[in-house]
Amino acid sequence: MRTFSILAAPLLAFGTLTAAAPATAAPAAAPQAISPKAQNSTNWSSLDQYISSSMRDWKVPGASVAVVRDGAVVYMKGFGVRDIRTNQPVTADTLFDIGSCTKAFTSAAVAMLVDEGKMQWDGKVNAYIPFFRLSDPFANQNVTMRDLLTHRTGVPGADFLWFVDPQSAREELIRKLAYVQPNTGFRSQFEYQNLMYVAAGYAVGQVAHSTWDEFTQSRLFAPLGMTESDTSAIEAQKAADHATPHEQDPDGSVKAIAWRNIDSVGPAGSINSSARDMAKWITFQLGDGTYQGKRLISADNMREMHSAQMVISLEGEIAKVFFPDSMQLSYGLGWFVQDYRGHQLIIHAGDIDGFATMVVLIPEIHTGYFAVINMGSLYRQVLSNQIADQLLHLPDAGWSKRFKAMEVDFKAEGKAAKAWQSKRTPGTHPSRDLSAYAGQYQNPVYGNAEIGYQNDKLKLHLGAIDSDLEHFQYDTFVAKLRSETRLTFNLNADGNPSEFTVAGITFKRSAAVAAK
């Protein structure tokens, strides 16, 4: 999960940011004005002060927050900058990639079709996608839309599929799920799986004789008045007011990075939105399925999406990072359902390179909020929990200190994971001449890979990845995927390279390649 499931899990590699302290920007003017009475019903100055000071402490470039209570926007503000290179301020209309918060939109799209009698929560997936297959025969025969939406198929995350080939068509990604082996029993355990949401969204498009993107735009964005939101990284970057993602280098410096295009896995995490638009989404989610007098989803299916469907172990990484104090954690349909310091929260986080988001509903006080930052950081958890504590009038829990300690632990884990680099056996050499390793290799899930040979060097070509291979020891080389990773060749009985393994994935040789 930590390596490639980047739509849901935080990017757990942090340093100390050295960027200038972010400035605070006022929200843009209406269209969705904040009621002065509602705004003044709570003293928001303490939240302003907290966000400003904690962002400086965590060195986060920019953030945007919206709070909705009783159907009215009571707080909406941008902080800091969109891009450390330009220092343009974040506003309430700045677009951010909301990552896996997209999943609730995909579930809502399914709910609409369930209401219309065109789909069923427990309808078989292959009734809507005839080519959908899973490798486990029992799961393949019984898998339903509910199984996809609750992460209980038994199939582990396979995000390397779209990471290595971001141009893959959704149909191609779904077809490859047939080759991913389960690592737990069908419906026996929560196993976060982004590509199952790709399949759910694809099914929506098939049933609606459209696409997931068009359905989301016309059936959700348009009636909710989410006029700035979109489902494409390409489109988002055309907006005049969009945030730039950032990351920290190991030396603690911060830099702007390119948007990762995840349009191919859109139903799992490609929506881009703003605080102003997400306030409308939250208003809708806190209601009974109507918005401004128009029913979009039945009250029954609104409750169904927010109801616990699959229990999540508190011993896993998701629970320990996102829900450190929970005594009960479940997944609904596109939402996590948790207890939080004696209160029920319905939430979802979203993470993609350089963006971290949280959407939270607190039904008991008819309140919800949206918080997003333009950097991968545990600060998103700090900010979200602090807002929840203020809204619920809970005592200070020292979240910043606690997550700083967690950050230190993750750094230590990162160093430990790279301990292999210091265990190199000196003086070794490959078993064969380098040209002997060149060739075509194949994996049924991840496709074709090529080991090229040129100028007495080996190079890995795998989808969008082109990496030189530096000799490490024996028949092991170092490749650069997202980080340095070992790639090891195995030889057959004749002493010829027959396969290689990288990132836990084995590619078997299919043909040799002539030296260039």
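Look up: the structure comes first, before these words.
Criteria and thresholds
Residues numbered from 1 in each chain as written. Predicted model: local features only at pLDDT ≥ 70, side-chain atom pairs only at ≥ 80, totals over all residues. Heavy atoms only, no water. Helix = DSSP H or I, 4+ residues; strand = E, 2+ residues; numbered from the N terminus. Rg over C-alpha atoms; globule rule 2.2 N^0.38 Å. Buried < 20%, exposed > 50% of the residue type's maximum accessible area, 1.4 Å probe, protein only. Contact = heavy atoms within 4.5 Å. Core = buried A, V, L, I, M, F, W, Y, C linked by side-chain atoms within 4.5 Å. Polar contact = N/O pair within 3.5 Å; in protein donor to acceptor, adjacent residues only side chain to side chain. Salt bridge = Lys/Arg side-chain N within 4 Å of Asp/Glu carboxyl O. Phe/Tyr/Trp six-rings, centres within 6.5 Å; stacked < 30°, edge-to-face > 60°. Expected span 1.5 Å × (residues − 1). Pairing = 2+ DSSP bridges.

K.L.:
Looking at this structure, how should I read the overall build of the protein?
P.N.:
Along the backbone of the protein there are 16 helices and 23 strands. Here the C-alpha atoms of the protein give a radius of gyration of 24 Å, agreeing with the 24 Å that 2.2 N^0.38 yields for 516 residues. Across its three principal axes, the protein shows a C-alpha extent of roughly 80 × 55 × 45 Å. Taking all 516 residues of the protein together, 59% fall into the buried category. The long-range fraction of contacts in the protein, counting pairs at least 24 apart against all pairs at least 6 apart in sequence, stands at 66%.

K.L.:
Which parts of the structure should I look at to understand the nonpolar core?
P.N.:
Grouped together as the largest cluster of nonpolar side chains are 162 residues, with contacts concentrated most on Phe132, Trp281, Phe336, Leu460 and Phe500. No other element matches helix H8 (residues 194-208), which puts 10 residues into this core. Those residues within four positions of Phe500 in sequence are excluded, and the remaining contacts are Tyr441, Ala449, Ile451, Leu460, Leu487, Thr488, Phe489, Ile505, Thr506 and Phe507.

K.L.:
What is the right way to look at the environment of Tyr441 in this model?
P.N.:
The topology assignment puts Tyr441 in strand E16 (residues 439-443). Put simply, Tyr441 and Ile451 are 10 residues apart on the chain and 7.7 Å apart in space, counted from C-alpha to C-alpha. At 2.8 Å, the side chain of Tyr441 and the backbone oxygen of Tyr437 are in polar contact. A polar contact of 3.3 Å, which involves the side chain of Tyr441, links it to the side chain of Arg509.

K.L.:
How should I be thinking about the pattern of salt bridges in this particular structure?
P.N.:
Opposite charge on two side chains allows them to pair when their charged atoms are near. This model, assessed by the stated rule, comprises 25 salt bridges. Of the charged contacts in the structure, one is a salt bridge between Asp48 and Lys77, with a shortest N-O distance of 3.0 Å. Here Lys77 lies in strand E3 (residues 72-80) and Asp48 lies in helix H2 (residues 45-58), a separation of 29 residues in the sequence. In this structure, the salt-bridge partner of Lys118 is Glu116, at a minimum N-O distance of 3.4 Å. Judged by relative accessible area, Lys118 falls into the partly exposed class, the value being 47%.

K.L.:
Can you help me understand the packing of aromatic side chains in this one?
P.N.:
Within a pair of aromatic rings, the relevant descriptors are the distance that separates the centres and the angle that separates the planes. For the coordinates displayed, the defined rule picks out 27 aromatic pairs. Plain terms: the ring middles of Trp420 and Phe472 are 5.2 Å apart, the flat faces sit at 75° to each other, and that makes the pair edge-to-face. Within this pair, whereas Trp420 is found in the loop between helix H16 (399-417) and E16, its partner Phe472 is found in strand E19 (residues 465-473), the two being separated by 52 residues in sequence. Ring centres of Tyr437 and Phe489 lie 4.8 Å apart, and the angle between their planes is 55°; on these two criteria the pair is classed as tilted.

K.L.:
Got a minute to help me understand helix H15 (residues 379-392) in this structure?
P.N.:
Residue pairs three or four apart in sequence face the same way in an α-helix, which turns once every 3.6 residues. Its 14 residues place the ends of H15 20 Å apart at the C-alpha level, agreeing with the 20 Å of an ideal helix rising 1.5 Å per residue. Counting buried residues in H15 gives 13 out of 14 residues, a clear majority hidden from the surface. Remark: His393 follows H15 within two positions and exhibits a positive phi of approximately 55°.

K.L.:
Sorry if this is basic, but what is going on with the pairing of strand E15 (residues 367-373) here?
P.N.:
The two faces of the sheet receive side chains in turn, since in a regular strand these alternate between them. Within E15, 7 of the 7 residues are buried, which leaves it mostly tucked inside the rest of the structure. Burial along E15 is two-sided: Thr367, Tyr369, Ala371 and Ile373 facing one way and Gly368, Phe370 and Val372 facing the other are all buried. Note: strand E2 (residues 62-69) against E15, 7 bridges, orientation antiparallel. Note that in E15 the partner of Ala63 across the bridge is Ile373. Hairpin connection between strand E14 (residues 355-362) and E15: a loop of 4 residues separates the two successive antiparallel strands, and His366 in this loop has a positive phi of roughly 55°.

K.L.:
Where do I start with the side chain of Gln193 in this structure?
P.N.:
Counting through the fold element by element, Gln193 comes out in the loop between helix H7 (170-176) and H8. Judged by relative accessible area, Gln193 falls into the buried class, the value being 0%. From its side chain, Gln193 meets the backbone nitrogen of Leu195 in a polar contact 2.8 Å long. Within the local environment of Gln193, its side chain forms a polar contact with the backbone nitrogen of Met196, the two atoms lying 3.2 Å apart. Each residue touching Gln193, except ones within four places of it in the same chain, is listed here: His151, Val155, Pro156, Gly157, Ala158 and Leu177.

K.L.:
Would you take a moment to explain the pairing of strand E18 (residues 457-462) for this structure?
P.N.:
Only one face of E18 is buried, namely the one carrying Leu458, Leu460 and Leu462, since none of Lys457, Lys459 and His461 on the opposite face is buried. The pairing of strand E17 (residues 447-454) with E18 spans 5 bridges and is antiparallel. Along E18, the bridge assignment pairs Tyr453 with Leu458. Where E17 folds back on E18, the antiparallel hairpin that results is connected by 2 residues, among which Asn455 adopts a positive phi of roughly 55°. Pairing of E18 with E19 involves 5 bridges; the strand directions are antiparallel.

K.L.:
Any chance you could explain unusual backbone geometry here in plain terms?
P.N.:
Comment: phi is negative for the bulk of residues other than glycine, and the bulk of peptide bonds are trans. For Asp70, which is not glycine, the phi dihedral falls at a positive 50°. In the Ramachandran plot, Asn87 falls in the positive-phi region, its phi being about 60° despite a non-glycine side chain. For Asn87, the location among the structural elements is in the loop between E3 and strand E4 (96-97). You can call Asn87 exposed: its relative accessible area is 52%.

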